[in-house]
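# Architecture at a glance
One-letter residues, chain by chain:
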Amino acid sequence: MSSANSDSSGNSGAANGTGKPSRYESQKRRDWNTFRQYLRNHRPPLELSRCSGAHVLEFLRYLDQFGKTKVHAAGCPFFGHPQPPAPCPCPLKQAWGSLDALVGRLRAAFEENGGQPEANPFAVRAVRLYLREVRDSQAKARGIAYEKKKRKRPPQPQQGHSPQPPLAMLATPPAVAYARQAADLNLVNGAYTHHIHGHLMMPATDAGGDVVVADAHPGGMIPLSVLN
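Before going into details, it helps to say that this report is about the structure given with it. What you are looking at is a predicted structure, and each value in this text was computed from that prediction instead of being measured. (Residues numbered from 1 in each chain as written. Predicted model: local features only at pLDDT ≥ 70, side-chain atom pairs only at ≥ 80, totals over all residues. Heavy atoms only, no water.)

A few words on the overall build of the protein. The helix and strand inventory of the protein stands at 7 helices and 8 strands. Put simply, the protein has 228 residues, and 27% of those count as buried. Taking the intrachain contacts of the protein between residues at least 6 apart in sequence as the baseline, contacts between residues at least 24 apart amount to 48%. Accessible surface, the protein as shown: approximately 16,600 Å² in total, 55% of it carbon and sulfur. (Helix = DSSP H or I, 4+ residues; strand = E, 2+ residues; numbered from the N terminus. Buried < 20%, exposed > 50% of the residue type's maximum accessible area, 1.4 Å probe, protein only. Contact = heavy atoms within 4.5 Å. Areas by Shrake-Rupley, 256 points an atom, 1.4 Å probe, with all protein chains shown as cover.)

Once that is clear, we can look at helix 2 (residues 23-41). For helix 2, built from 19 residues, the straight-helix expectation of 27 Å at 1.5 Å per residue is met to within 8% by its first-to-last C-alpha distance of 27 Å. Of all the positions in helix 2, only E25, S26, K28, D31, W32, F35, R36, Y38 and L39 are classed as buried. (Expected span 1.5 Å × (residues − 1).)

Once that is clear, we can look at unusual backbone geometry. Note: most residues except glycine have negative phi, and most peptide bonds are trans. The omega torsion of the bond from R43 to P44 falls at -5°, within 30 degrees of zero and hence cis. Mapping P44 onto the fold places it in the loop between helix 2 and helix 3 (53-62).

This part takes up the packing of aromatic side chains. A complete count under the given rule lists 8 aromatic pairs for this structure. Between the aromatic rings of F35 and F59, the centroid separation amounts to 5.1 Å while the plane-to-plane angle is 80°, which identifies the pairing as edge-to-face. Of the two residues, F35 is situated in helix 2 and F59 in helix 3; the sequence distance between them amounts to 24 residues. One exposure class covers both F35 and F59, and it is buried. (Phe/Tyr/Trp six-rings, centres within 6.5 Å; stacked < 30°, edge-to-face > 60°.)

This part is about a positive patch on the surface. Judged by side-chain charge, R107, R125, R128 and R132 come together as a positively charged surface patch. Here the element with the most residues in the positive patch is helix 5 (residues 125-142); it accounts for 3 residues. When you line up the elements, R107 lands in helix 4 (residues 96-112). Classification of R107 as partly exposed rests on a relative accessible area of 34%. (Patch = residues over 30% accessible without salt bridge, like charges linked within 9 Å, V, L, I, M, F, W, Y side chains within 5 Å. Salt bridge = Lys/Arg side-chain N within 4 Å of Asp/Glu carboxyl O. Lys, Arg positive; Asp, Glu negative; His and termini not counted. Charge placed at Lys NZ, Arg CZ, Asp CG, Glu CD.)

Among the secondary structure elements, A73 is positioned in the loop between strand 1 (69-70) and strand 2 (92-93). Residue A73 is classed as partly exposed on the basis of its relative accessible area of 38%. Sequence separation between A73 and S137 is 64 residues; the distance between their C-alpha atoms is 9.7 Å. Not counting residues within four places of it along the chain, the set of residues in contact with A73 comprises F79 and C90.

Attention shifts here to the environment of R135. When you line up the elements, R135 lands in helix 5. Accessibility expressed as a relative area gives 26% for R135, which makes it partly exposed.

We now examine the layout of surface pockets. It is the rolling of a water-molecule-sized probe over the atoms that shows where space remains empty. Looking at the largest pocket, its volume works out to about 210 Å³. In this structure, the largest pocket is lined by Q27, D31, T34, F59, L63, F66, Q94, S98, L99, L102 and R105. Within the residue set of the lining of the largest pocket, elements represented by two or more residues are helix 2 and helix 4. Ranked by residues supplied to the lining of the largest pocket, first place goes to helix 4 with 4 residues. Taken together, the residues of the lining of the largest pocket sort by class into 5 nonpolar, 4 polar and 2 charged. Taken as a whole, the second largest pocket holds about 170 Å³ of empty space. If you go around the second largest pocket, the residues you meet are D64, V71, H72, K93, Q94, L99, Y130, V134, S137, Q138 and A141. Of the residues forming the lining of the second largest pocket, the biggest block, 5 residues, is contributed by helix 5. Here the residues of the lining of the second largest pocket are counted per class, giving 5 nonpolar, 4 polar and 2 charged. (1 Å grid on protein atoms, 1.4 Å probe; cavity = no way out; pocket = protein on both sides within 12 Å on 5 of 7 lines; lining within 4 Å. Points joined across faces, edges and corners; volume = space filled by probe spheres on them. Nonpolar A, V, L, I, M, F, W, Y, C, P; charged D, E, K, R; others polar.)

Structure (structure tokens):
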């Protein structure tokens, strides 16, 4: 894998519609070139094909001298303080988030430049353990807790407690309404009373034996045949 291939890989497959590489692709190309320069300046110089996870760890520790994150030592009075009120002699290092993102970009760049996934030195277990150790140590030194967010489960109904019925079920049942209507049909002198247009009607017979309806209103008698 040559440097020419590394330069061309930064623009391949990630350029936007205007032909300009995205911010991620540009940063990935710069990181890849920085890592290749580190290998060339190594004593003795290292070939990329011989690069291992141990060399990646050396590169990550080398980058700490350019870090901007204050990481307090265990004996520092500000150890575990997220915002120390005064300066201290503790060194600056690369933040865990920056290293984690850097390893991700270099892992992708290695395979884009012809490296085999099974031989990717940025994906080995030693690198993952190192990033986890940096995350935990910086969290303790700066008083930052890295905890996984737990999914909230919906509340479960308590056993033995029956939910209250809906308001619609609390209304008067139909059977009660029918019973109330039947109660209005009272026997009056052996005959049923009827309510028509708000008037009390009482069945009776005239001299000829025809059934008529007597209205309690002074309106007089209405033959039943008229109502049918």
